[in-house]
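The residues making up each chain are set out below.
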Amino acid sequence: RFVQIGTDYVAEGWPDNQPLPESAAVHPHSIYALTRFGGDCMTLAHAPTVGYVVRSCGLFGVAGCKLKGGLNFVDTMVKMAREGKKLRVVDDQTVAPTPTDDLSIQLATLLEAGPHKAPPGLYHAVSHGAVTWYAFAKRALELAGVPHEIEPVPSSTYAAPAKRPRYSVLDNAKLRAAGLDVMRAWEEGLARFVALKYPPTSHP
């Protein structure tokens, strides 16, 4: 079996601010979103009997991201706050941030269920609930015990090469229908991540 990890960026332009199920149309406007959607389509078209596309969102984990110097969004917020730097975080993008360990468990659950219960195809796997990046950052610093002011700003403040959708919350509809949705609320996932990576003894 083959698994392609997809992205919530393909939900760009979703108009009604409702979680997006797998059956809904997508609107990949940026080049990043378009090419990632192309990967989804190629998997489904060329590996229809063994291919799984699992879209997720806002991944963060203890190992960090090698392309970002070993950091993820939460790590960056904590690091900058501890260094006393000014924090400005967008407050007009709503997402479902997902811990990598939760996603890993969900992938294993999906594949171990077998093709009869979980046939190849497109699935969404994100944390339950929705939050803006600003509110997510604020909660992360509270849990990490790093009091610091964060300024909420609009997306236009940053000219990101790959523009993130304003609302890209995915709905784990197919996993739920199959009785295989083991994802937790984003608050629970964030609390576990902070407890593992930033326990009280790690505070300077």
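Preceding this paragraph is the structure being described.
Every value quoted in this text rests on a predicted model; they were computed, and no experiment measured them.

Colleague: What is the right way to look at the sheet that holds strand 1 (residues 2-7) in this model?
Modeller: Working definition: the strands of a sheet are paired by backbone hydrogen bonds and lie parallel or antiparallel to each other. Pairing in this open sheet of three strands is parallel, and the strands run 1-2-7 from one edge to the other. Each end of this open sheet is capped by a strand with a single partner; those strands are strand 1 and strand 7 (121-124). Across the sheet, the mean angle separating the axes of adjacent strands is 25 degrees when strand polarity is ignored. Bridge analysis of strand 2 (residues 51-56) against strand 7 gives four bridges, and the strand direction is parallel.

Colleague: Quick question: what am I supposed to make of helix 4 (residues 133-144) here?
Modeller: The terminal C-alpha atoms of helix 4, which comprises 12 residues, lie 16 Å apart, in line with the 16 Å expected from a rise of 1.5 Å per residue. Looking at helix 4, one finds that the buried residues are Trp133, Tyr134, Phe136, Ala137, Ala140, Leu141 and Ala144. Take helix 4 and look down its axis: the buried residues cluster within an arc of 165 degrees, on one side only. Of the residues trailing helix 4, Gly145 is marked for its positive phi of about 70 degrees.

The rules behind each value
All residue numbers here refer to positions counted from 1 along the written sequence of the relevant chain. With pLDDT at 70 or above as the cut-off, local features in this predicted model cover only qualifying residues; side-chain atom pairs require 80 or more to be listed or tallied, and sums for whole chains, interfaces and linings still use all residues. In computing side-chain values, all of the structure's heavy atoms are included and hydrogens and water are not. Two strands pair under a simple rule: DSSP has to find at least two bridges between them. Here a strand is any run of E in DSSP of at least two residues, a helix any run of H or I of at least four, and the numbering for each starts at the N terminus. Axis angles are defined between N-to-C directions and span 0 to 180 degrees, where every axis is a line fitted to C-alpha atoms and, for a helix, only to the segment in contact. To estimate how far a helix should extend, the number of its residues minus one is multiplied by 1.5 Å. Each residue's exposure class comes from its accessible area (1.4 Å probe, protein chains only) as a fraction of the maximum for that residue type: buried when under 20%, exposed when over 50%, partly exposed otherwise. Picture the helix axis, draw a direction to every C-beta atom, and the arc is the one those directions span.

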